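Examination of the molecular architecture
Spelled out from the first residue to the last, the chains are:
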Amino acid sequence: MGTVVIIKLRIAEEQLPHAQHALEQAASEMKNLVGIVSSWEPDSDTTALNKAAGMHPVSVRPQLMRILQKANNISILSDGAFDITFSAVGELWKIRPVLPIIPTEEQIAAALPLVDYRKLVLDADAGTAFLPQAGMQIDLGAIAKGSVADAAAASLLKNGFDDFMINAGGDVRTACPVDAEPWTLGITNPRDPRGDVLGELTVRSGAVVTSGDYEKSVVLEGKRYHHIIDPRIGKPTQGCISVTVIGPNAETADALATAFFVLGPEKGKALCETLPDVEAMFIHSDFQTVLSSGFSSYLKEKSDTHK
Ligand code: AMP
Ligand code: MG
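Heads up: these notes are all about the structure in this document.

About the thresholds
- Residues numbered from 1 in each chain as written.
- Chains lettered and ligands numbered in written order.
- Predicted model: local features only at pLDDT ≥ 70, side-chain atom pairs only at ≥ 80, totals over all residues.
- Heavy atoms only, no water.
- Salt bridge = Lys/Arg side-chain N within 4 Å of Asp/Glu carboxyl O.
- Helix = DSSP H or I, 4+ residues; strand = E, 2+ residues; numbered from the N terminus.
- Pairing = 2+ DSSP bridges.
- Axes fitted to C-alpha atoms, helices over the stretch in contact; angles between N-to-C directions.
- Donors = N, O, S within 2.8 Å, 3.2 Å for Na, K, Ca; no water.
- Buried < 20%, exposed > 50% of the residue type's maximum accessible area, 1.4 Å probe, protein only.
- Near = heavy atom within 4 Å.
- Polar contact = N/O pair within 3.5 Å; in protein donor to acceptor, adjacent residues only side chain to side chain.
- Nonpolar A, V, L, I, M, F, W, Y, C, P; charged D, E, K, R; others polar.
- Contact = heavy atoms within 4.5 Å.
- Parallel < 35°, antiparallel > 145°, perpendicular 65-115°, else oblique.
- Left-handed = near helix turned anticlockwise from the far one by under 90°.
- Expected span 1.5 Å × (residues − 1).
- Bend = angle between axes of the 7 residues up to and from the residue.

**Observations regarding the pattern of salt bridges**
When their charged atoms lie close together, side chains carrying opposite charge are able to pair. Applying the stated criterion across every chain yields a total of 11 salt bridges. Between D213 and R224 there is a salt bridge; the shortest N-O distance is 3.9 Å. Of the two residues, D213 is situated in the loop between β9 (206-212) and β10 (217-220) and R224 in strand β11 (residues 223-226); the sequence distance between them amounts to 11 residues.

What follows is the structure in C-alpha cells.
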C-alpha cells in the first residue's frame, strides 16, 4: 500500500530469537492481508470486486468481508461522510506534485451517482460482494492501514508479546502491560509535518490515528487540494486540516479519523461523544483546536494520572 510499517517491541534480552520469529510472522500476516484487500494489488479480492462492477458478485475472503462490513457501519454512523465508494469520483482527482489533474464540474457530476455505500451488496452467508453499477469502485485507503496494523498486533499478541508499538504509515497501534511505561506519541503539526510536534500523547493499549490534509496534497493558485473527498460533492473537504483519533483499535480509529475529517469539528465532535472508547482532536484551517471531552486526559502533561 505504499507504506512503511515500523514495529517496536519491548522485550527481555532472552526473548530476542523468539521476537525475531514473531516479527517475521507479523510481517507475513500483514502482507497476506494487503494481498487480499489492497486495490493496488492486481490479484486482490478488492481488485476483482472493482473489475466485476455492474456485472456479477465476486467471492471475497472473510478478512475483506469483515472490513467491508466495518466500513459500512462507519458509513451509517457518519451518515455517508465516510464512504469507500467515493473512489468513482476520487479517482478523477490526481493529487500529485507533477501534472496534477483537477476534474471538471461535469466530470464530477457524471461520477457522483456512482458514489453510494448503500449500493454495495454484501452477502455474508454466500461470502460475496457486488458493486451493481458499471463504473462503481471501492478504495479502502481510509481504513485498511488500520486493519493491517491490527493484524500485526493480533499476530504479536498470539505469540505472547504484549508490549509493542506498531506504526503503519501514521496509524499507530499499541499494547502495554499494566506495570509497564505507557507509549508516548507526538501529534504532527499539520502545517509543519516534519517540524516540532504540537503535543504528546501517552497511550497504553489502543490506537492513535491522524488524518491530515498534508498527507497527499497540492497547492494550485493558492488553493490546497488534498486526498480526502466529501462524497456528497465529490471534492476535497474544507474546514479540518487534521483530525487525531484515539480508539480501541487502529481500524476503527483510522476509519473514524477520515469520517470526522469529512464531518468537520462540530458534527465530528458530536458523533465522537456518542462513541465509547473514542476521543478526537480536530484542527480547523484557522488553527483553532477542538477536543472531545476525554482527549486531554491522554495529553502528556496531564496524563501522569491516566490509567
Ligand atoms: P486517511 O489518511 O485515513 O484519512 O485516508 C485517506 C484516504 O482515504 C484517501 O487517500 C482515499 O483513498 C480515501 N478516502 C478519501 N475520502 C474518503 C471518504 N470520504 N470516505 C472513505 N475513504 C476516503
Ligand atoms: Mg482513515
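Structure shown, so let's carry the discussion forward.
**Side note on the sheet that holds strand β16 (residues 289-291)**
Within a sheet, each strand pairs with its neighbour through backbone hydrogen bonds, oriented either parallel or antiparallel. Taken in spatial order, the seven strands make up an open sheet running β1-β5-β6-β9-β14-β15-β16, and their pairing is antiparallel. In this open sheet, the two edge strands, each paired with only one partner strand, are β1 (5-9) and β16. Averaged over all pairs of adjacent strands, the angle between strand axes in this sheet comes to 10 degrees, irrespective of strand direction. As paired strands, strand β14 (residues 240-247) and strand β15 (residues 279-284) are joined by six bridges and run antiparallel to one another. Opposite C240, over in β15, you have H284 as the bridge partner.

**What about the coordination of the magnesium ion (ligand 2)?**
Each angle at a metal carrying four tetrahedral donors should ideally be 109.5 degrees, and each at a metal carrying six octahedral donors should ideally be 90 or 180 degrees. Distances from the magnesium ion (ligand 2) to its protein donors, A142 (O), D254 (O), D254 (OD) and T258 (OG1), fall at 2.0 to 2.4 Å. Donor residues for the magnesium ion (ligand 2), ordered by position in the chain, follow A-x111-D-x3-T. Placement of both D254 and T258 in helix α7 (residues 250-274) is noted, with a separation of four residues, approximately one turn of the helix. Here D254 falls in the buried class, since its relative accessible area comes to 4%.

**Some points on the site of ligand 1**
Close to ligand 1 lie 15 residues, the nearest being D83, S211, I229, D254 and T258. A distance of 2.8 Å is found between an oxygen atom of ligand 1 and a side-chain nitrogen or oxygen belonging to D254. Sorting elements by how many residues they give to the shell around ligand 1 places α7 first, with three residues. Looking at side-chain class alone, the shell around ligand 1 contains eight nonpolar, four polar and three charged residues.

**Considerations on the environment of T85**
As for its position among the elements, T85 is in the loop between α3 (62-77) and α4 (87-90). Setting aside chain neighbours within four positions, we find T85 in contact with L114, V115, D116, Y117, M136, Q137 and I138. Within the structure, T85 has its side chain in polar contact with the side chain of D83 (distance 2.6 Å).

**Some remarks on the pairing of strand β7 (residues 183-187)**
Here β7 shows a buried face lined by W183, L185 and I187 and an unburied face lined by T184 and G186. The pairing of β7 with strand β8 (residues 199-203) spans five bridges and is classified as antiparallel. Bridging across to β8, W183 finds its partner in V203.

**Let's talk about the packing of helix α6 (residues 144-158) against α7**
The N-to-C vectors of α6 and α7 enclose an angle of 165 degrees; their axes lie 7 Å apart at closest approach. By the criterion of interaxial angle, the relationship of α6 to α7 is roughly antiparallel. Crossing angle aside, the handedness with which α6 passes α7 is right-handed. Between α6 and α7, the residues in contact are A144, K145, G146, S147, A149 and D150 and A250, E251 and D254, respectively. Grouping the constituent residues of the contact of α6 with α7 by class yields three nonpolar, two polar and four charged.

**Concerning α7**
Helix length check: α7 (25 residues) gives 19 Å between terminal C-alpha atoms against 36 Å at 1.5 Å per residue, more than 12% under. Along α7, the sharpest kink reaches roughly 135 degrees, centred on G264 and followed within four residues by the proline P265. The element α7 is extensively covered by neighbouring structure, given that 19 of its 25 residues are classed as buried. Regarding α7, its N-cap is N249, as a side-chain oxygen of that residue lies 3.4 Å from the backbone nitrogen of E251 further along.

By themselves, these observations are geometric and do not establish any function.
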